[in-house]
Amino acid sequence: MKTKFTSLGFVLSLILAAAPMAGQSAADMQAEAKLLSLSLMPDDATLWGSDASQRFVVLGKYADGLERDVTRDSRFSLSNPGSGEIEDSGRFIARRSGQVALTARFGGREVKATIRIEGAGEVRPFSFARDIGGIFTKRGCNNSDCHGGVKGQGGLKLTKNALHPKEDYRWIVEGGVFQVLVDESKGPENPRVDLEQPEKSLILSKPAMTVPHGGGQRFAVGSGDYETILNWIRSGAPYGEDSGAGGVSIASVEVFPRQTVLDRQGRRQLLVTAHLSNGRQEDITDQVLYISNDENVVEVSDSGLVRAAGSGETSVLIRAAGHAASTGFGVIEKAIVDYPKVERRNFIDEFVFNKLRKFNIIPSELSSDEEFLRRICLDLTGTLPPPERVREFLASENPRKRDELIEILLDSPEYVDYWGFRFSDLMRVTVTSANVPDMTKAYEDWVTNSIAANKPYDQMARERVAAQGYAAPARNLFYVTEVMKPEKIMAEHVRVFFGRRLDCAQCHNHPFENWSQNQFWGLTAFYSGLEELRDSHVVLDALGGGHVDRAGEAKLLHPRTKEEVVPAFLEGRRLPEKEWMDPRLKLAKWMTSHPYFAEAAVNRIWGYLFARGIVDPVDDFRTTNPPSHPALLEALAEDFRDHNHDLKQLIRTIVQSRTYQLSGKPNETNRRDKVNYSRAFSRPLDAALLLDAISRATGVEEDFDFHNFVGEGSPPPGTRAMQMIPDLCPSQFMDAFGRSMRKMPVLGNPEPTLGQALHMWVGSTYTSKITTEGGRLDRLLKMGASDQSIIEEFYLSALMRFPTPGERADLLEFMRQRTSRREEVLGGFVWALISSREFAYNH
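How each quantity is defined
Residues numbered from 1 in each chain as written. Predicted model: local features only at pLDDT ≥ 70, side-chain atom pairs only at ≥ 80, totals over all residues. Heavy atoms only, no water. Pairing = 2+ DSSP bridges. Helix = DSSP H or I, 4+ residues; strand = E, 2+ residues; numbered from the N terminus. Axes fitted to C-alpha atoms, helices over the stretch in contact; angles between N-to-C directions. 1 Å grid on protein atoms, 1.4 Å probe; cavity = no way out; pocket = protein on both sides within 12 Å on 5 of 7 lines; lining within 4 Å. Points joined across faces, edges and corners; volume = space filled by probe spheres on them. Nonpolar A, V, L, I, M, F, W, Y, C, P; charged D, E, K, R; others polar. Parallel < 35°, antiparallel > 145°, perpendicular 65-115°, else oblique. Left-handed = near helix turned anticlockwise from the far one by under 90°. Contact = heavy atoms within 4.5 Å. Buried < 20%, exposed > 50% of the residue type's maximum accessible area, 1.4 Å probe, protein only. Phe/Tyr/Trp six-rings, centres within 6.5 Å; stacked < 30°, edge-to-face > 60°. Polar contact = N/O pair within 3.5 Å; in protein donor to acceptor, adjacent residues only side chain to side chain. pLDDT = per-residue confidence, 0-100. Salt bridge = Lys/Arg side-chain N within 4 Å of Asp/Glu carboxyl O.

Visitor: A description of the sheet that holds strand S10 (residues 109–118) should follow, citing residues and the corresponding values.
Guide: Hydrogen bonds along the backbone pair up the strands of a sheet, which may run parallel or antiparallel. The four strands lie next to each other as S2-S10-S9-S6, forming an open sheet whose pairing is mixed. Every interior strand has two partners, whereas the edge strands, strand S2 (44–48) and strand S6 (75–78), have only one. Strand-to-strand twist of the sheet, defined as the mean angle between neighbouring strand axes without regard to direction, takes the value 25°. For S2 and S10, the ladder comprises five bridges, and the chain directions are parallel. Bridge pairing in S10 places Asp44 opposite Thr114.

Put into structure tokens, the structure is as follows:
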């Protein structure tokens, strides 16, 4: 629920915080801070081939904690000037084979790097993918808003980021007209190259604007890119070296730095390194496209020089031929010199607090015992403890009481109920997934029993993906009475277990990511043998013929090429035909061993505990949505794998960290921070958890009476709302508060609505439970408890804290002044308590 009103003082404080300090120039800020050390990146480089080059960056570390790029203020020298030349910008161009030492001097200090030059006279073999595709990528020609869009632009269709260079080559050399669901061209095929008159080739004249071009000028006549393409056409427009036939290709791309902080006048040169298939490395800093995700924070030049534009945090996207990467940038107003020492409990804190220190954000204080107790109980068990347990915890002076409580909760039945509820949401445990209540119950029991046994998550995933026969997890393959379409099942499994959304690649190559239509259908083919055996809800899965219950072969046709699709993993490797009798088992093993699996799992659990993922949304990993803490994500995934995909251990590690246990109270440095986990953020309780919390606070169990809905009776007393299968449990309250009906993986929190406000005001859940006979208030009144005791009891049961002296005094005075019956006044107090944001949110 969003805050509706903001004080004028708070608005003014934000405005003042965002304003640059008068008289603070870049020179002033740098002069104020003492230079501590100097470094040169890279400090060792090997170059190969004619005119090979390497950018170098000189970095100064200062006493204010910032690392500044001082490259353009440094003086360079070479031990052997004949080996090459060094530009003022730090770019070295090789001229002669051999070894040379590069020295950089700044601020009375000097640093050195070793450069080895090999094959300086050798011309590297031409490659269309690398040399021509790289130009299209750097110039943005194959972006999704240009020729890399679904249907291309102006009759030319290119693959995004030159991901499929052979397709690009065919379009440029032969021409064509793209059809979404048809492979053949249905129009005039106009080649973009003219071998007779190379200078008149459209692939040159349009981007050079010698003829009209809707995309504007991409390079000038006579520029390096122009000459490269012109010489290629003059030589007959060959495809050249083929990476698939032993040629050299880019295996991966690395960016330095991965994350950095600038002051308001700061700048930083990026270094982009290509790791090649032959084991070499190559500087491609000047051969890639740079895109700032927020130009109000940083701007980036064509050469990769990033400049601060305004305070905040964003990322810079780097696109190379066939690859993409990103790096994070923060811009601060002023460095904190006397940064406090912050206690760290495990490796999570190291990553989080190191970034906070770098970004000059001080984390909030450790949460109070009251804050921690409510948060941990809701996050691990989805429920509130009774007042006597709250008193016991708050009174304890045991220094290990938090860790001990964590273990108690992790071993409790409530933990099983709560995380069974979470994973039942994720894995869509519904009646519509089986259309038979008994089968739905079996599916639910499989989820809950897996949580109770702490079954390794990779095993749980394999059982769900590869489920066959009458096995309970096979219910995820059904919708109502039929097996879902293979493409729907595949897309959901990839979204749940890989955190990726491939749906947009179903009809065409993904317009924003490097997913192709062929990859989508190659994965879908693993599910093409799915079939229900004679209306029995028994799942049969075998590709090819020969099965006793299948007359013919199970074939999947590519919707565009109309050719049979063979099961293929994302990297293109096909499933051997001898393994087609159980294809999803092979897919499940591959998925759970892929790096994506552990990353997606830890990110999802992190999202449950922090209300946002390291990648957020948690199932939307993509190059344009980079992680806020990439190194932390890697470390969590590695730790998860090292512990045999143990969910309970993962949760324990996260909640034991100081990061998780920080207070929600902001300070001046983290007030505007939303993504760095510098403090706790409140998050609305799920509809089922809120209903359970109201029942627990009032001491009145919910009556799930729905005989007329399913005809099989109501659940036993004490059943929690989170234990109910949504489409078996009619509830206006939970519908109003946005419960998941499990028709798709859950995403985000529902927005507040008028219906929720009406339920709070007059709904029976909020009103009837308060004064119900046998409820908490009724029992306290019959016991003769004082007003003060009743106030304290409800604060402990609802908020898990004692009222402050001011709250207690105000409430007692308010009650003293009322002329209504005592029961009515106290009932109004309880209503106000359970209607409050503090009660309805986890914080």
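That shown, we press on.
Visitor: Which residues make up empty space enclosed by the protein, and what are the values?
Guide: Using the criterion set out here, one finds five cavities of 30 Å³ or more in the structure. Volume-wise, the second largest cavity comes out at about 60 Å³. Sorting the residues of the lining of the second largest cavity by element identifies helix H11 (413–426), helix H12 (437–452) and helix H19 (647–656) as the ones contributing at least two each. When the residues that make up the lining of the second largest cavity are grouped by side-chain class, the tally is seven nonpolar, two polar and one charged.

Visitor: I'd like a rundown of the sheet that holds strand S13 (residues 267–269), residues and numbers included.
Guide: Strands sit in the order S13-S18-S17 across an open sheet of three strands; the sheet is antiparallel. Sheet topology places S13 and strand S17 (298–300) at the edges, where each strand pairs with a single neighbour. Strand-to-strand, the axes of this sheet are offset by a mean angle of 20°, without reference to chain direction. In this sheet, strand S18 (residues 305–308) lies alongside S17 in antiparallel orientation, the contact comprising three bridges. Paired with Val298 across the bridge in S18 is Ala308.

Visitor: Go over the packing of H11 against H12 with me, naming the residues and quoting the values.
Guide: Axis separation between H11 and H12 bottoms out at 9 Å; the angle between their running directions is 130°. Overall, the two elements H11 and H12 adopt an arrangement that is oblique. Between H11 and H12 lies a crossing of right-handed hand. Between H11 and H12, the residues in contact are Tyr415, Val416, Trp419, Gly420, Phe423 and Ser424 and Glu444, Val447, Thr448, Ile451 and Ala452, respectively. Among the residues forming the contact of H11 with H12, the class breakdown is seven nonpolar, three polar and one charged.

Visitor: Give me the lowdown on the side chain of Ser367, citing residues and values where you can.
Guide: Positionally, Ser367 belongs in the loop between helix H7 (347–358) and helix H8 (369–381). Ser367 gets classed as buried once you look at its relative accessible area, which sits at 4%. Beyond its immediate sequence surroundings of up to four residues, Ser367 is in contact with Phe372, Arg375, Arg402, Gln661, Leu662 and Ser663.

Visitor: Outline the packing of aromatic side chains, supporting the account with residue identities and numerical values.
Guide: Applying the stated rule across the entire model yields 34 aromatic pairs. The interplanar angle of 25° and the centroid separation of 6.1 Å between the aromatic rings of Tyr443 and Trp446 together place this pair among those described as stacked. Here Tyr443 pairs with Trp446, and both are found in helix H12, just three residues apart, close to one helical turn. On the basis of relative accessibility, which here comes to 0%, the residue Tyr443 falls in the buried class. Residue classification places Trp446 among the buried residues on the basis of a relative accessible area of 10%. Arranged with centres 6.3 Å apart and planes meeting at 20°, the rings of Tyr795 and Phe829 form a pair that is stacked.

Visitor: An account of H19 is needed here, citing residue identities and associated values.
Guide: For H19, the buried fraction is high: nine of the 10 residues fall into the buried class. Buried residues of H19: Leu647, Lys648, Gln649, Leu650, Ile651, Arg652, Thr653, Ile654 and Val655, and no others. Between the side-chain oxygen of the N-cap and the backbone nitrogen of Lys648 there are 3.0 Å, and the N-cap of H19 in question is Asp646.

Visitor: Quick one: what's the story with the confidence of the model for the protein, residue by residue and with numbers?
Guide: Mean pLDDT over the protein: 87, with 89% of residues reaching 70 or higher. Confidence drops under a pLDDT of 50 for residues 1–29, and excluding neighbours within four residues, the segment shows 27 contacts in the predicted structure. With pLDDT under 50 throughout, residues 707–711 is counted as low confidence; its partners more than four residues away or in other chains account for nine contacts.

Visitor: Break down the pattern of salt bridges for me, citing the residues and quoting the values.
Guide: Under the criterion given, the structure shown has 58 salt bridges. Arg280 is paired through a salt bridge with Glu118; the nearest N and O atoms lie 3.3 Å apart. Linking Arg280 in the loop between strand S14 (271–276) and strand S15 (281–283) with Glu118 in strand S10, this pair joins segments that are 162 residues apart in sequence. By relative accessible area, which is 31% here, Arg280 ends up partly exposed. With relative accessibility at 34%, the residue Glu118 sits in the partly exposed group. Taking the shortest distance from any N to any O, the salt bridge between Asp403 and Arg400 comes out at 3.7 Å. Bridged by salt links that share partners, the residues Arg124, Arg130, Asp131, Glu241 and Glu282 form one connected network.

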